[in-house]
Amino acid sequence: MTDQALPDRSTLGPSPAAPVSVWRGLTPRLALVTLFVALVVGLLGGALELAMDLRAGRAKVTADLDSTISLVRDSAAEAAYQLNAGIADRVVNGLSRSDLVARVDLRDNFGAVLASLDREALPGDGLDAWFASLFADVVERREPLIYASAMGSEGVGVLTVALSPQALGSRYRDRALVTVAAGAARALVISALLALVFLGLMVRPLKHLSAAIARVDPARPAAHPVPVPRGHRSDELGHVAGALNALLEAFQNSLEARDRAEADLRVLTEDLERRVALRTRELENAMDELAAEKEETETAFARLDETHRDLARTNRLLLESIHYARRIQTSLLPDKAALDGLVRDLHVCWDPLDVVGGDYFWLERFDDDTALLLVADCTGHGVPGAFMTLVVASALDRALHDEGLRRPSDILRAIDGQVRARLRQDRPDSESDDGLEAAICLWNRPARALTFAGAGLPLIYVEDGALYEVRGERAYLGYRTLPAADSFTDHRLSVRPGMAFYLPTDGFPDQMGGDPRRLLGRRRLGRMIVDNQRLPMSEQLGAIQRDLAAYRGGEPRRDDMTMIGFVPL
């Protein structure tokens, strides 16, 4: 092994920082930004000031016009009452002394003009016309003249006075230009002052700080600490300088640690090369031994391949047997169309956890227009559970056809006795401790009645959108270590149109999932049933299976699942 080539730090040196152009520096940028902000603020303030000035000017014009008319109202009324043109001329001449008066008209109550004044409007361009329009609605006043005498008061004429909007607009324009110019001047002065302040407080200290950083020697970064700018020891620049010095000190420590590590690495490399040489000789000797053992290993692998082929053949035969057992178990299940004519809608979800399962269901129609529906959940699943379903199927067949039983409670009691007898659980030396849970419904169409009895499994039904549950007995069928149930209760329900019934095994509510992780339970299963109530029964059970898969997420299934859903006719 050879040492990795490392750069010689003696050739490294500080690289001078490129000078910053004056026009690209912070000072002109700050000046421009400050100027822009000051101009915007000045313009907004000037606009507000001009708007307030315009409002005050319009109010003053109105007040002055009203005051002027009130001064000459009595003289004008006297002239109109006496029809004296001389007095009228003096009134008009008095008003004409103001350069803002553009038109005066004094008429008697017969409409005759006693005196008038009409000055030619000042010409103006588009901007002057706009300023004049700001006062156009307040420049004219038409005052009725009332003369009071011993006989009473009477109207004697009309005095009309109109001011020049062009003259008023010109005055307002001059004030606006002065205001805008003053705001711009203030903005320039403020931006210049702020730029000078920023230059003294920030730019120059930053330049000194940048020059000090450029002088740092990469080979010995802590040899020349960055000086703290004068007057900035306690502010942000002082903190930056302190942080840089701490960082340079850390760099220096890292470089020294690297030097020590390089020396240790060289020693370790030499030792490692010696060890590699020694290990190489040992490996050569081991390879000779391995060559001798290779033939024995190949022979062992050949025997192992033969064993794998035997296992694959055995596994294939076992799977074929299990699939054949599924065909046998499926053939024992009833035709799902067996109750046509007695139910409006029926669907069965039979989903074993393995190829075969321990869940069993039965549908049978009797000659008196009654029908039996049964679900059973036997001990275990897979092949042991499938064998239990054969026992249950045989026991049910004997109870229905040999003993002629029809009441669900009697059928449960008969199945319990048959299972115990067939598995020899009534003997002290019996090794079987297996059994089942079951639920049975007998649908009597002529009586519109449904009779239910259960051992560990419930009947769920929906009426008018509400969910109801009829619990079975807390009992099991079979099992050597459990006593036989004393009795089973028949629950009789009157069936009304639209009611839907469900017989599930525990494989549905015992799903594990959700967040936090917990069992699904019968309450959540009931909500799933109600949520999908409007669908046909096959789509209902399919939607419930999808909801269960979503609830499980990554959790595996734990048991067989079977559910009969039906709507009586």
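Analysis parameters
Residues numbered from 1 in each chain as written. Predicted model: local features only at pLDDT ≥ 70, side-chain atom pairs only at ≥ 80, totals over all residues. Heavy atoms only, no water. pLDDT = per-residue confidence, 0-100. Helix = DSSP H or I, 4+ residues; strand = E, 2+ residues; numbered from the N terminus. Contact = heavy atoms within 4.5 Å. Pairing = 2+ DSSP bridges. Axes fitted to C-alpha atoms, helices over the stretch in contact; angles between N-to-C directions. Polar contact = N/O pair within 3.5 Å; in protein donor to acceptor, adjacent residues only side chain to side chain. Buried < 20%, exposed > 50% of the residue type's maximum accessible area, 1.4 Å probe, protein only. Arc of directions from axis to C-beta. Parallel < 35°, antiparallel > 145°, perpendicular 65-115°, else oblique. Left-handed = near helix turned anticlockwise from the far one by under 90°. Phe/Tyr/Trp six-rings, centres within 6.5 Å; stacked < 30°, edge-to-face > 60°. Lys NZ or Arg CZ within 6 Å of the ring centre and 35° of its normal.

Of the residues in the protein chain, 92% have a pLDDT of 70 or more, and the chain-wide mean is 85. Across the protein chain, the element-wise mean pLDDT spans from 78 in helix 4 (residues 165–214) up to 98 in strand 14 (residues 500–504). Segment residues 1–7: pLDDT under 50, and seven contacts once partners within four positions in sequence are set aside and those in other chains are kept. Low pLDDT (under 50) marks residues 9–13, which in the prediction has eight contacts with non-local residues, meaning those over four places away or in another chain.

Another aspect to go through is the sheet that holds strand 5 (residues 343–351). The strands that make up a sheet are held in pairs by hydrogen bonds between backbone atoms, and each pair lies either parallel or antiparallel. Read from one edge of the open sheet, five strands run 5-17-14-10-11, paired in antiparallel fashion. The sheet is open, and its two borders are formed by strand 5 and strand 11 (466–470), each paired with just one other strand. Mean inter-strand twist for the sheet, computed between neighbouring axes without regard to direction, equals 15°. Alignment of strand 10 (residues 459–463) against strand 11, held across five bridges, turns out to be antiparallel. Each residue of the ladder has a partner; that of V462, found in strand 11, is L467. Packed onto the sheet, helix 9 (residues 537–552) meets strand 5, strand 14 and strand 17 (561–568) and runs at close to 30° relative to strand 5.

This brings us to the side chain of D105. For D105, the position within the fold is in strand 1 (residues 101–108). A distance of 2.6 Å separates polar atoms of two side chains, one belonging to D105 and the other to R107. Each residue touching D105, except ones within four places of it in the same chain, is listed here: V113, A115, S116, V158, L159 and T160.

Here seven bridges tie strand 1 to strand 4 (residues 152–163), and the two strands are oriented antiparallel to one another. Along strand 4, the bridge assignment pairs D105 with T160. In this sheet, strand 4 lies alongside strand 3 (residues 140–149) in antiparallel orientation, the contact comprising ten bridges. Looking across to strand 4, one finds that E140 is bridged to A162. Joining the antiparallel neighbours strand 3 and strand 4 is a turn of two residues.

All right, on to helix 8 (residues 521–531) then. For helix 8, the full list of buried residues reads L525, G526, M528 and I529. Seen end-on, helix 8 carries its buried residues on one side only, within an arc spanning 160°. Opposite the buried face of helix 8, at more than 90 degrees from it, the exposed residues are R523 and D531. Buried-residue contacts for helix 8 involve strand 10, strand 11, strand 14, helix 9 and strand 17.

Working note: a packed helix pair is described by the angle between its axes plus the distance between those axes. Where helix 8 contacts helix 9, the two axes come as close as 9 Å, and the packing angle between them is 135°. Between helix 8 and helix 9, the interaxial angle falls into the category oblique. Taken as a pair, helix 8 and helix 9 cross one another with a handedness that is right-handed. When helix 8 is examined against helix 9, the residues R524, L525, M528 and I529 are found in contact with a partner set consisting of Q540, I544, D547, L548 and Y551.

Summed over the entire model, instances satisfying the criterion amount to eight aromatic pairs. Ring geometry for Y476 and Y479: centres 5.7 Å apart, planes at 80°, overall edge-to-face. On the basis of relative accessibility, which here comes to 38%, the residue Y476 falls in the partly exposed class. Overall, Y479 belongs to the buried group, its relative accessible area being 17%. The ring of F366 is capped by R406, whose NZ or CZ atom sits 3.8 Å from the centre of that ring.

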